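Reading the structure
So the chains spell out like this:
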Amino acid sequence: MKEDLYKYYKELGISKEVIDYSSSILGDLKERFDKIDETAEYNQLKVIRAMQKNQVSEMHFEGSTGYGYTDAGRDTLEAVFADVFHTEDALVRAQIACGTHALTIALFGNLRPGDEIISISGKPYDTLEGVIGIRETKGSLAEYGVCYKQVELLSDGSFDFEGIKNTITEKTKLVEIQRSKGYLPRPSLGVKEIGEAVRFVKSIREDIIVMVDNCYGEFVEEDEPSDFGADLVVGSLIKNPGGGLAPLGGYIAGTKECVENASYRLMTPGLGKEVGASLNVNRSFYQGLFLAPVVTAAALKGAVFAANLYERLGFRVVPNGSEPRHDIIQAVEFGFPEGVIKFCQGIQAAAPVDSHVVPEPWAMPGYDADVIMAAGAFISGASIELSADGPMKPPYAVYFQGGLTWYHAKFGIMKSLQSLIDGGYIKTDRLINV
Ligand SMILES: *Cc1c(COP(=O)(O)O)cnc(C)c1O
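Now for a description of the structure that goes with this document. (Residues numbered from 1 in each chain as written. Predicted model: local features only at pLDDT ≥ 70, side-chain atom pairs only at ≥ 80, totals over all residues. Heavy atoms only, no water.)

The secondary structure content of the chain amounts to 13 helices and 12 strands. For 434 residues, the compact-globule formula gives about 22 Å, and the C-alpha radius of gyration of the chain, at 22 Å, lands near that figure. Here the C-alpha coordinates of the chain stretch approximately 65 × 50 × 40 Å along the principal axes. A total of 434 residues make up the chain; the buried ones form 57% of that total. For the chain, restricting intrachain contacts to residue pairs at least 6 apart in sequence, the fraction spanning at least 24 positions comes to 69%. Counting only carbon and sulfur atoms, one obtains 54% of the accessible surface of the chain, whose full area is about 18,500 Å². Between the averaged position of the 42 positive side-chain charges in the chain and that of its 59 negative side-chain charges there is a distance of 1 Å. (Helix = DSSP H or I, 4+ residues; strand = E, 2+ residues; numbered from the N terminus. Rg over C-alpha atoms; globule rule 2.2 N^0.38 Å. Buried < 20%, exposed > 50% of the residue type's maximum accessible area, 1.4 Å probe, protein only. Contact = heavy atoms within 4.5 Å. Areas by Shrake-Rupley, 256 points an atom, 1.4 Å probe, with all protein chains shown as cover. Lys, Arg positive; Asp, Glu negative; His and termini not counted. Charge placed at Lys NZ, Arg CZ, Asp CG, Glu CD.)

Here we take up the site of the ligand. Lining the immediate environment of the ligand, one finds Cys98, Gly99, Thr100, Leu103, Tyr125, Gln178, Asp213, Cys215, Tyr216 and Lys239. A distance of 2.8 Å is found between an oxygen atom of the ligand and a backbone nitrogen or oxygen belonging to Gly99. Between a nitrogen atom of the ligand and a side-chain N or O atom of Asp213, the distance comes to 2.6 Å. The leading source of residues in the shell around the ligand is helix 5 (residues 99-110), at 3 residues. Within the shell around the ligand, the residues separate by chemical class into 5 nonpolar, 3 polar and 2 charged. (Near = heavy atom within 4 Å. Polar contact = N/O pair within 3.5 Å; in protein donor to acceptor, adjacent residues only side chain to side chain. Nonpolar A, V, L, I, M, F, W, Y, C, P; charged D, E, K, R; others polar.)

On the surface, a nonpolar cluster with roughly 400 Å² of combined accessible area is contributed by Met1, Leu5, Tyr8 and Leu12. Summarising the element assignment, Leu5 is placed in helix 1 (residues 3-11). (Patch = residues over 30% accessible without salt bridge, like charges linked within 9 Å, V, L, I, M, F, W, Y side chains within 5 Å. Salt bridge = Lys/Arg side-chain N within 4 Å of Asp/Glu carboxyl O.)

Bringing the side chain of Glu221 into the picture now. Here Glu221 shows up in the loop between strand 5 (209-213) and strand 6 (232-236). One polar contact links the side chain of Glu221 to the main-chain amide nitrogen of Val191, over a distance of 3.3 Å. Ignoring anything within four residues of it in the chain, the contact list for Glu221 reads Thr39, Asn43, Arg179, Leu189, Gly190, Val191, Arg325 and His326.

So, about the environment of Gly335. Assignment of secondary structure puts Gly335 in the loop between strand 9 (330-333) and helix 11 (337-349). It is 10.0 Å that separates the C-alpha atoms of Gly335 and Val398, two residues lying 63 residues apart in sequence. Those residues in contact with Gly335 that sit more than four places away from it in its chain are Pro395 and Tyr396.

Everything listed here is a matter of coordinates, which is why it stays silent on function.
Structure below.
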């Protein structure tokens, strides 16, 4: 490493041992990083082609007010999303408050009383438990007479095809698959694997809607679940596809009918996609999508770097240092609470925003243990920005993701290790003798 760069890291509180250890880890990751760059290059072209095809122009960055009738920027953006995901249509709106909201309108818009929904990747994301009514919640799908069933993944993390076949009935209207593991100790699902499940479900009954919770998975691979027949892919714009610039929002891409049904739930029956002013968000949605493949690559490099850095120190990391990636989330199991705390404090200390704040574990609504969260983000709550959190309970694992640039992700991870060392939880000689 160049002397002046070395000096800079030291000024920012990173010791020589951590710098050298990080460099040695990185030395072995060249091929992995090349592969990530290749995927980003492919996806960058995919996005550019979609923008060119739809003749994105300066006028599309103008927003609308009021009802938002004939908002060309909004409508063209939706056409661009549909082309990126190779779907018939898309709903991409500032009125979608978060990923959970996008999933909610996709579900409520497409399900009717008496219908049955089956999650075939085990328990869905925490917030969806309330939406579906797995956990009794006011206004849930269960209250509207939608019945829920669940098929667990097999112990090796793959789909239980036999179980799926036995669970589907006449009433099954929609099958849900969650691509990312979220906060569960299972592997994330690859797009091809999801494709096999889609084909299997469709072979049982063609008209079953397959919806994929695509959160954290966008642009990690060259294909998306919609390339393999999923009827709906749904996600958040303050994660991968917003590229760090989208200040809010969510998307639903899929078949014309499924997207239209969702739009009637977001807006009103009859009005649907016709209304919904974009105010001033169009430019950031376009520019964020444009940057998203590269931002996702930065986050992925950070995840791979961290996995290898902590794995070599003897900690369990999920995914491990060498396996393929299907989302941007990385878990590190410390096995002791201070590991989680020091890690998060290091991530926070490396942030461009609020680096002077020291996060502490806290009781949060909806969690059964205290949780610590680190985020120094430009967009509040954006988890495509470098962020980490962990519940204060065994196995004392921290989940982290994001990084708008690889250099920030790298610095944040180095800082997390430094924080553990400064706290006395990792001895420096462990770095030297690996
Ligand atoms: C983030 C996420 C969601 C939605 O979360 P929001 O916080 O509502 O944006 C849903 N599913 C998965 C797998 C997620 O990672």
